[in-house]
Amino acid sequence: MQAERPARKVLARRSLLHRLDTLRRQRKRIVFTNGCFDLIHPGHVRYLRVARRLGDVLVVGLNSDASVRRLKGPARPLVPQHDRCEVVAALEMVDYVTVFDQDTPYELIKQVQPDVLVKGGDWKPDDIVGADIVRARGGVVRSLRFAPGYSTTRLVEGIVKKSRVDSRESRGRK
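Described below are features of the structure shown in this document. Here the structure is a predicted model, which means the values were calculated and not measured.

Some details on the pairing of strand S2 (residues 57-63)
- The element S2 is largely enclosed, with a buried count of seven among its seven residues.
- Where burial is concerned, the two faces of S2 agree: the one with Val57, Val59, Gly61 and Asn63 and the one with Leu58, Val60 and Leu62 are both buried.
- Taken together, the six bridges between strand S1 (residues 30-35) and S2 define a ladder with parallel strand orientation. From the neighbouring strand, Thr33 faces S2, where its bridge partner is Val60.
- By the bridge criterion, five bridges tie S2 to strand S3 (residues 96-100) in an arrangement that is parallel. Directly across from Val60, in S3, lies its bridge partner Val97.

In structure tokens, the structure reads:
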């Protein structure tokens, strides 16, 4: 698929569904995944690259700011949804990004009707939200291995820890 500018890759639900109908008529295989993608790290990039190889078009459902707060707590997201959309859409392997406000992407998956549904290795295929929808259409549900050592939560904890150390050291120099 031809690379599009990031802004053209972030679509409202209605526009996304229209675009996917066109791609389906062209017999394109649609892959769907979702997440918060709060701080993009190499684990995300590797995961999305593998997900994209499973089909012709990769659609990413991005949790809204309100959804992230409900799932991760009041201190998250670190990056606002508009900016998270821009960053995810800028990745070459991502074809489309759309935002959902629910705690799970079930309704979005029901509308998108992907051929392949993908989540990270912490999910068993049978436990992936929307697996029933995809399998009912004869689609595939995959759980992809995590790149070890990468986690947004772990990154945040490391930043906080380093900030505390740096703060103590700078107070000690005064």
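Past the structure itself, the notes keep going.
Description of unusual backbone geometry
- The peptide bond linking Arg76 to Pro77 adopts the cis configuration, its omega dihedral lying at 5°.
- Looking at the element boundaries, Pro77 is found in the loop between helix H4 (65-72) and helix H5 (81-90).
- Of note in the backbone geometry, Arg27 takes a positive phi value of approximately 65° without being a glycine.
- The residue Arg27 is located in the loop between helix H2 (13-25) and S1 in this model.
- Here Gln113, not a glycine, exhibits a phi torsion of approximately 55°, which is positive.
- For Gln113, the location among the structural elements is in the loop between helix H6 (106-112) and strand S4 (116-120).

Section: H4
- Every buried residue belonging to H4 is among Asp65, Ser67 and Val68, and all of these are buried. Buried residues of H4, viewed axially, fall in a sector of 160°; they line one side.
- As for H4, its buried residues are in contact with S2, H5 and S3.
- Following H4 by one or two positions, Gly73 adopts a phi angle in the positive range, close to 110°.

Details of the sheet that holds S3
- Read across the sheet, five strands follow the order S3-S2-S1-S4-S5 without closing on themselves; strand pairing throughout is parallel. Edge positions in the sheet fall to S3 and strand S5 (140-144), since each of these pairs with one other strand and no more. Going from strand to strand, the sheet's axes swing by 25° on average, the running direction of each strand aside.
- Against the sheet, H2 makes contact with S1, S2 and S3, and its axis sits at roughly 140° relative to S3, the strand it touches most.
- Packing against the sheet, helix H3 (residues 42-52) makes contact with S1, S2, S4 and S5, and its axis sits at approximately 140° to S2.

Procedures and definitions
- Residues numbered from 1 in each chain as written.
- Predicted model: local features only at pLDDT ≥ 70, side-chain atom pairs only at ≥ 80, totals over all residues.
- Heavy atoms only, no water.
- Buried < 20%, exposed > 50% of the residue type's maximum accessible area, 1.4 Å probe, protein only.
- Helix = DSSP H or I, 4+ residues; strand = E, 2+ residues; numbered from the N terminus.
- Pairing = 2+ DSSP bridges.
- Arc of directions from axis to C-beta.
- Contact = heavy atoms within 4.5 Å.
- Axes fitted to C-alpha atoms, helices over the stretch in contact; angles between N-to-C directions.

In short, shape yes, function no, at least from these values alone.
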